[in-house]
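# Report on the structure
The chain contents come next:
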Amino acid sequence: MELQEGKDKFIEAWGALGSSWGVTRTMAQIHALLLVASDPLSAEDIMEELQISRGNVNTTTRMLLDWGLAHKKLIPGERKEFFVAEKDMSKVVKNIIIARKKRELEPMLHLLDDLTGVEGDTAEAEEFREVVKELKLYSHKADSALAALVKVDSNWFFSTFLTMIK
């Protein structure tokens, strides 16, 4: 397989996985493109390579920057903005965990906190509060586990993880 064909397959596969991670296919494809690029890419480079609009590139690169999955790279003499991917996979995983925790888990925890105050003396109200209590318990455990995972030394975590899956 030629290098370009391999890169194209990687970008397509990474993009397809994006929806499983809670991001758009385009965000995952741009991330993949930046991961396999040997040089920083401009918005125009990304548009041309992936055949997507400038607006889509601008919105998506801003999201990648917010998630810490890409960084701007200044090139002397160039007026364009260039982008590079964070290539330290431990940082990538950590940043994804942090972003998804903020976007998904934390709003759920706030909602569950609000729902614990549901009033009523009926069996149905009691059952509802019990379900919310159980969800809240496991959601807080997940939150604590993710917070610990983010704080742990990444080299230790990955070596332990790889040992476990062998």
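Attention in this report is confined to the structure presented alongside it. (Residues numbered from 1 in each chain as written. Predicted model: local features only at pLDDT ≥ 70, side-chain atom pairs only at ≥ 80, totals over all residues. Heavy atoms only, no water.)

## Examining the overall build of the chain
Formally: Strands here are runs of E lasting at least two residues and helices are runs of H or I lasting at least four, both read from the DSSP assignment and numbered beginning at the N terminus. Using C-alpha atoms as the atom set, the radius of gyration is obtained and then compared with a globule rule of 2.2 Å times the number of residues to the power 0.38. Partly exposed describes any residue whose relative accessible area lies between the buried limit of under 20% and the exposed limit of over 50%, with all areas from a 1.4 Å probe on protein chains only and scaled to the type maximum. We call two residues in contact whenever any of their non-hydrogen atoms come within 4.5 Å of each other. What sets the accessible areas is the Shrake-Rupley method with a 1.4 Å probe; for residues, cover comes only from the shown protein chains. Under this rule, positive means Lys or Arg and negative means Asp or Glu; His and the chain ends count for nothing. By convention, the charge on Lys lies at NZ, on Arg at CZ, on Asp at CG and on Glu at CD.
Summing up its helical and strand segments, the chain has 7 helices and 3 strands in all. Taken from the N to the C terminus, the helices and strands of the chain come in the order α-α-β-α-α-β-β-α-α-α. Against the globule reference of 15 Å for 166 residues, the chain gives a C-alpha radius of gyration of 21 Å, more extended than a compact globule. Here the C-alpha coordinates of the chain stretch approximately 70 × 40 × 35 Å along the principal axes. Counting all 166 residues of the chain, 30% fall into the buried class. Contacts in the chain between residues at least 24 apart in sequence constitute 53% of all its contacts with a sequence separation of at least 6. Accessible surface computed for the chain: about 10900 Å², of which carbon and sulfur atoms make up 57%. Distance between charge centroids for the chain: 6 Å, based on 22 positive and 27 negative side chains.

## Observations concerning a negative patch on the surface
This is how the line gets drawn: Nonpolar side chains (Val, Leu, Ile, Met, Phe, Trp, Tyr) within 5 Å and like charges within 9 Å form the patches, drawn only from residues with over 30% relative accessible area and no salt bridge. Salt bridges are defined as contacts in which a side-chain nitrogen from Lys or Arg sits within 4 Å of a carboxyl oxygen from Asp or Glu.
A surface patch of like charges, here negative, comprises Asp 8, Glu 12, Asp 45, Glu 48 and Glu 49. The set of elements that each furnish at least two residues to the negative patch consists of α1 (3–21) and α3 (43–50). Take the negative patch: its biggest share by element is 3 residues, from α3. Positionally, Glu 12 belongs in helix α1. You can call Glu 12 partly exposed: its relative accessible area is 44%.

## Here's the deal with the packing of helix α2 (residues 25–36) against helix α4 (residues 54–67)
Using the following cut-off: Helix axes are fitted only over the stretch in contact, all axes being lines through C-alpha atoms; the angle between N-to-C directions runs from 0 to 180 degrees. When describing relative orientation, an angle under 35 degrees is termed roughly parallel and one over 145 degrees roughly antiparallel, while 65 to 115 degrees is termed roughly perpendicular and anything else oblique. Gly falls in the polar group here, along with every residue not listed as nonpolar (Ala, Val, Leu, Ile, Met, Phe, Trp, Tyr, Cys, Pro) or charged (Asp, Glu, Lys, Arg).
The contact between α2 and α4 brings their axes to 10 Å, and the two run at 70°. It follows from the interaxial angle that α2 and α4 lie roughly perpendicular. Only Asn 56, Val 57, Thr 60, Thr 61, Met 63, Leu 64 and Trp 67 of α4 make contact with α2, whose side of the interface consists of Thr 26, Met 27, Ile 30, His 31 and Leu 34. Classifying every residue of the contact of α2 with α4 by side-chain character gives 7 nonpolar, 5 polar and no charged.

## Details of the side chain of His 31
Along the polypeptide, His 31 turns up in helix α2. Exposure remark for His 31: the relative accessible area of 3% places this residue in the buried category. If near-sequence neighbours (up to four positions away) are discounted, His 31 is found in contact with Trp 14, Leu 64, Leu 69, Ala 85 and Val 92.

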